[in-house]
Amino acid sequence: MMRKKIKSIIAIIIVLSTIFALVGCGESKKTGLNDDTVTVVWVMEGDEPTSEQYDKVWKKVNEMLLEDLNVQVELEFLGYTNPDNQKQLRLASGTNDFEMMKMGGSLLAQLAPRFAFAELTDELLQENMPLMMKALEIDPTRIEGGKVDGVQYAIPMMKTNISNSCVAIRGDLREKYGLDVPTCKEDIYEYIKVIVANESGMMGLQKSLALWSFYYQGDVSWGALTGTDNYVLFDATEECNLFMKYTTEEYYNYALLCRELKEAGCWSTDAINDSRSAEDLFESGLTAAYFHNVDTCGMRAQNMPEEWNVEIYRFGDCGDVASSPSASTMVFNPNSEHLESALQVLDLFMFDEEYYNLIQLGFEGENWEDAGEGYYRDLDGNLPETEQYKGNWYATWNLINKDFERRNIENYTGVNEIFNKAQEEGIVHPLTKMIFNSEVIPTEKAVIWSEISRYANALEFGMVADVDTYYKNLINALETAGLDKFMAEVQKQAEEFLKN
Amino acid sequence: MGVCWLKKQGFLYDLKKYRILLLMFLPTLVWFAVFEYAPMAGIVMAFKRYNFSLGILESPWCGLENFEFIFRSGRLGKLLWNTVSINFLFLVIGMFVQILLAILFSEITMRRFTKVTQMFICIPYFISWVVVGSVVYNMLNYNYGFVNTVLVKLGFERFDFYSNVPIWRYILIFFNTWKGMGYGSVVYLATVTGMDSEIYEAAQIDGATIWQRIWKITLPCLKPTIITMFLLSMGSLFRGNYQVFANIIGGNSLVTQELDVLDTYIVGAMMSGTNFGMSAAASMFQSIICFISVFIMNRVAKKVNENSALF
């Protein structure tokens, strides 16, 4: 009898715990400050900063919003682990628990044709983003980067960013081995080889895509077409000349260079399986060079010991091409009940200087001060990280507005000069603002992308002894996958875009 | 007593009589219904061009368009061959080692030693493949890996595992077998332990050696279990263990060129495409092949021994 009772009790406990577990899968409910206050949830990438100053800044932003719009903003951080997958699932779930989301160009291009975002009609923008509409009176093309197939789905960053691929090297090591100040890319490759041959335990570089950018930028003026993961490029000196990067002579020569560097021991033979970051390895003195854009190179150099005397270089005579403003945009949840409020909030964040400075730089006089001519001086840079205002620059990158943007006047030696020169010489091509819609030919895209992932890595890590044959195999595989059809569609869409 | 008002034979009577057992079974039923059967309806996405605003049911139909990419690359033959051949080796070698272990454990008379060994041998099963992948990398790394360090100390040349494609088939089999052998042997050990000890005692009295006992008694008694386990595993013959490939081979495209299986190919293609319809189509394609393979193997088992078939 007793045993029977125990059995019954266990059965009931199991059933109840299962029910409670399933009930837990429900939707959370948002609460505002009072009945009228609207809460706008902003989904962003990266980790939530832990500094007190960060909380203080956002508290102030919310106080201002409450007064101006009777709105509160709640920030939700997705972290850095597969944010794109998280975003897609969130959108596919059809929930209304967020209003706006930071979105990169590639994902925007894939999801917009499948109606994943709220359509931003002229009427909506006129009513809710008056400050932006005023700015667009001067240059109406500034929001082009948020259009897919002519429909406005996103608000892009308000800046044409001239990409500038640079290299940071160790000045102390260069001098130690009697190498002259580098004047061309070949000098850099030579420097890397010398360091690897003489410095025990040191690698040349941690292999990444950045080496490819450094390799071609400055020698040619190529831009990347949004929606193609930088695989389709265009020549910015011509009107409409698009091509697949892998079919170019430059890529073939790059593959040969990679093999040469790998043979010289510039990176580990199993670097392809090495997940350590290039930044960490360079900062900890394990690699001789680091390739990235000038600002990131400068940021890294600032963290390194002064005696290493890090030097930053950019080579080549051809102007760099503006990267797409669609690289970072804001999209809106089509199921949100507070779309209007979200647009109003974004209008203030991007086009109201007070909000803009507060979010990007923190409190004026406390965290930064005006240094004139588009520069600021960092006031809390020497404080411990927990006491600084570390605006999560990556999360708020899509808010960048060139009208208010300021650069740090105390950037690492040479960084601002290289940056300014690149901006002056840079080329802004109309195709920069185009977003390719690959949904028209999804099969070709899926197969081509798959073939690229199969072949390109081995070539770029220099793992293939017979580069010629392997490269030919890549080209054959791409042709079998339907490269001609794919490129014809790219060309067609580009011509239509330019015509309109 | 309380069920006397119901007919002594019938559904409601049985429901009332076995209510406690049925209640205990309920969570399993709910689990399968919610997480296994209900999502099956999602397979309809394989035939639709998914539209976020319309949802699964309202999205427009697109026929077999989503299946096209599987056939387009011209790799399907090789992918299927790799998937089947590697999985078959995983299965056969894995089962062989598991059965061997179970027999060894059953023959060892030192109980404490058996239990401790069994516990240690089961540990790898509970280690995540991500961790195993990082262990493999640290073992096989060219510059700092354990294997190469030992080779250099012994006066040999370093061995470049990551550029040596053929060796990876064996590395995968080795780690897959190592990880699953302890846990997998439990089923066989349970069968061996449940065998009638009198048979062994009688054989011992008749003078049977340890090998004769294993060959003539243990293995024949294990035969039905082996067939059942084999049939159950056949269901995943066409479904590559993605975790093994992704974590051990990683992004090494030189190796994946040769050892690509259906799962890695599909994930590779879908990671950049984010196309739910194509993912559903690929999954359905695999499920159909798996179903056919189980069906055929069940027929074969039925022919050999009617009692060994699953259905």
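Residues numbered from 1 in each chain as written. Chains lettered and ligands numbered in written order. Predicted model: local features only at pLDDT ≥ 70, side-chain atom pairs only at ≥ 80, totals over all residues. Heavy atoms only, no water.

## Here's the deal with the overall build of chain A
Summing up its helical and strand segments, chain A has 18 helices and 18 strands in all. Rg of the C-alpha trace for chain A: 25 Å, near the compact-globule value of 23 Å for 500 residues, within the 12% margin. Each principal axis of the C-alpha atoms in chain A carries an extent, and together these give about 80 × 70 × 60 Å. Counting only contacts in chain A whose residues sit at least 6 apart along the sequence, the fraction spanning at least 24 positions is 77%. Counting only carbon and sulfur atoms, one obtains 49% of the accessible surface of chain A, whose full area is about 22000 Å². For chain A, the distance from the average position of its 42 positive side-chain charges to the average position of its 83 negative side-chain charges is 8 Å. (Helix = DSSP H or I, 4+ residues; strand = E, 2+ residues; numbered from the N terminus. Rg over C-alpha atoms; globule rule 2.2 N^0.38 Å. Contact = heavy atoms within 4.5 Å. Areas by Shrake-Rupley, 256 points an atom, 1.4 Å probe, with all protein chains shown as cover. Lys, Arg positive; Asp, Glu negative; His and termini not counted. Charge placed at Lys NZ, Arg CZ, Asp CG, Glu CD.)

## Notes on the overall build of chain B
Helix and strand counts for chain B come out as 15 helices and 0 strands. C-alpha atoms of chain B, sized along the principal axes, occupy 75 × 60 × 35 Å. Within the structure as shown, chain B displays about 17900 Å² of accessible surface, and the carbon and sulfur contribution to it stands at 69%. Taking the average location of the 24 positive side-chain charges in chain B and that of its 16 negative ones, the two points are 5 Å from each other.

## A look at the packing of aromatic side chains
A full pass over the atoms with the stated rule returns 43 aromatic pairs over all chains. Directly above the ring of Phe419 of chain A sits Arg407 of chain A, whose terminal nitrogen or CZ lies 3.5 Å from the centroid. When the ring centre of Tyr125 of chain B is taken as reference, the NZ or CZ atom of Lys179 of chain B above it lies at 5.7 Å. (Phe/Tyr/Trp six-rings, centres within 6.5 Å; stacked < 30°, edge-to-face > 60°. Lys NZ or Arg CZ within 6 Å of the ring centre and 35° of its normal.)

## Structural notes on the packing of helix H9 (residues 167-193) of chain B against helix H12 (residues 242-249) of chain B
Residue and element names in this part refer to chain B. Packing of H9 against H12 brings their axes to within 11 Å, and their N-to-C directions diverge by 120°. With respect to H12, the element H9 is oriented oblique. Crossing angle aside, the handedness with which H9 passes H12 is right-handed. Across the interface between the two elements, Trp168, Ile171, Leu172, Phe175 and Asn176 of H9 pack against Val244, Phe245, Ile248 and Ile249 of H12. Split by residue class, the contact of H9 with H12 holds 8 nonpolar, 1 polar and no charged. (Axes fitted to C-alpha atoms, helices over the stretch in contact; angles between N-to-C directions. Parallel < 35°, antiparallel > 145°, perpendicular 65-115°, else oblique. Left-handed = near helix turned anticlockwise from the far one by under 90°. Nonpolar A, V, L, I, M, F, W, Y, C, P; charged D, E, K, R; others polar.)

## A few points about the pairing of strand S2 (residues 71-77) of chain A
Residues and elements named next belong to chain A. Two elements, strand S1 (residues 38-44) and S2, share 7 bridges in a ladder whose sense is parallel. Within the sheet, the bridge partner assigned to Val40 lies in S2 and is Val73. The handedness of the S1 to S2 crossover, carried by helix H2 (residues 52-69), is right-handed. (Pairing = 2+ DSSP bridges. Right-handed = clockwise from strand over helix to strand, strands pointing away.)

## Digging into the confidence of the model for chain A
For chain A, per-residue confidence averages 89 on the pLDDT scale, and residues scoring 70 or more make up 94% of the total. Below a pLDDT of 50 lies the segment residues 26-32 of chain A, which in the model reaches 10 contacts outside its immediate sequence neighbourhood of four places, other chains included. (pLDDT = per-residue confidence, 0-100.)

## Notes on the nonpolar core
All names here are of chain A. Counting 112 residues, the largest nonpolar core has Leu242, Met244, Phe291 and Phe486 as its most contacted members. Setting aside its immediate chain neighbours within four residues, Leu242 contacts Leu225, Val232, Leu233, Phe234, Leu431, Met487, Val490, Gln491 and Ala494. If you look at the next biggest cluster of nonpolar residues, it comprises 44 residues, including Val38, Leu124, Leu348 and Phe349. (Core = buried A, V, L, I, M, F, W, Y, C linked by side-chain atoms within 4.5 Å. Buried < 20%, exposed > 50% of the residue type's maximum accessible area, 1.4 Å probe, protein only.)

## Focus: the side chain of Ser341 of chain A
On the secondary structure map, Ser341 of chain A appears in helix H13 (residues 339-351). Residue contacts for Ser341 of chain A: discarding those within four places in its chain leaves Val38, Val40 and Val71 of chain A.

## With respect to the domain arrangement of chain A
All names here are of chain A. On domain assignment, one finds that chain A holds domain 1 (38-158 + 324-404) and domain 2 (164-320 + 430-499). The gap between the C-alpha centroids of domain 1 and domain 2 is 30 Å. Contact with domain 1, which involves 17 residues of that partner, is made by 11 residues of domain 2. If you sort the residues of domain 1 by the area they bury against domain 2, Ala109, Gln110 and Ser324 come out on top, with a joint share of 29%. Here Arg114 and Glu439 are joined by a salt bridge, their closest N and O atoms 3.3 Å apart. Applying the counting criterion to the domain 1 and domain 2 interface returns 6 residue pairs in polar contact (both at pLDDT 80 or more). Contributing elements (two or more residues each) for the side of domain 1 that touches domain 2: helix H4 (105-111) and strand S4 (147-148). Broken down by element, the residue count for the side of domain 1 that touches domain 2 peaks at 5 residues, all from H4. For the side of domain 1 that touches domain 2, the residue count by class is 5 nonpolar, 7 polar and 5 charged. (Domains from an automatic or database assignment. Buried area = accessible area lost by both parts, 1.4 Å probe. Salt bridge = Lys/Arg side-chain N within 4 Å of Asp/Glu carboxyl O. Polar contact = N/O pair within 3.5 Å; in protein donor to acceptor, adjacent residues only side chain to side chain.)

## Thoughts on the sheet that holds strand S6 (residues 154-156) of chain A
Residue and element names in this part refer to chain A. With mixed pairing, 5 strands are arranged side by side in an open sheet as S2-S1-S3-S15-S6. The open sheet has two edge strands, S2 and S6, and neither has a second partner. Geometrically, the sheet is characterised by an average inter-axis angle of 25° between neighbouring strands, direction not taken into account. Sheet analysis places S1 next to strand S3 (residues 100-103), joined by 2 bridges and oriented parallel. Paired with Val43 across the two strands is Met101, which belongs to S3. Lying on the sheet, helix H3 (residues 83-92) is in contact with S1, S2 and S3; it crosses S3 at an angle near 145°.

## A closer look at the interface of chain A and chain B
In this complex, chain A contributes 49 residues to the contact, which on the side of chain B involves 47 residues. Together chain A and chain B conceal approximately 4100 Å² of surface at their shared face, both sides included; 57% is due to carbon and sulfur atoms. Applying the counting rule to chain A against chain B returns 3 salt bridges. The residue Glu451 of chain A makes a salt bridge to Arg75 of chain B at a minimum N-O spacing of 2.7 Å. Where chain A meets chain B, there are 7 residue pairs in polar contact (both at pLDDT 80 or more). Secondary structure elements with two or more residues in the side of chain A that touches chain B: helix H1 (2-23), H3, H4, helix H16 (442-460) and helix H17 (467-481) of chain A.

## Things to note about the sheet that holds strand S12 (residues 289-293) of chain A
Residues and elements named next belong to chain A. The 3 strands are arranged S12-S8-S13 in an open sheet whose pairing can be described as antiparallel. Strands at the two margins of the open sheet, each flanked by one partner only, are S12 and strand S13 (310-313). Direction aside, the axes of adjacent strands within the sheet are offset by 25° on average.

## Details of a negative patch on the surface
There is a patch of like negative charges on the surface, built from Glu48, Glu52, Asp55 and Glu387 of chain A. Assignment of secondary structure puts Glu387 of chain A in the loop between strand S17 (375-378) and strand S18 (407-408). (Patch = residues over 30% accessible without salt bridge, like charges linked within 9 Å, V, L, I, M, F, W, Y side chains within 5 Å.)

## Let's talk about helix H7 (residues 129-140) of chain B
Residue and element names in this part refer to chain B. Between the first and last C-alpha of H7 there are 16 Å, a value that for 12 residues agrees with the 16 Å anticipated at 1.5 Å per step. Listed in full, the buried residues belonging to H7 are Trp129, Val132, Gly133, Val136, Tyr137 and Leu140. One face of H7 carries all of its buried residues, which in axial projection span an arc of 140°. Looking at the buried side of H7, the elements it contacts are helix H8 (146-153), H9 and H12. Here H7 starts with a cap whose side-chain oxygen sits 3.0 Å from the backbone nitrogen of Val130, and that cap is Ser128. (Expected span 1.5 Å × (residues − 1). Arc of directions from axis to C-beta.)

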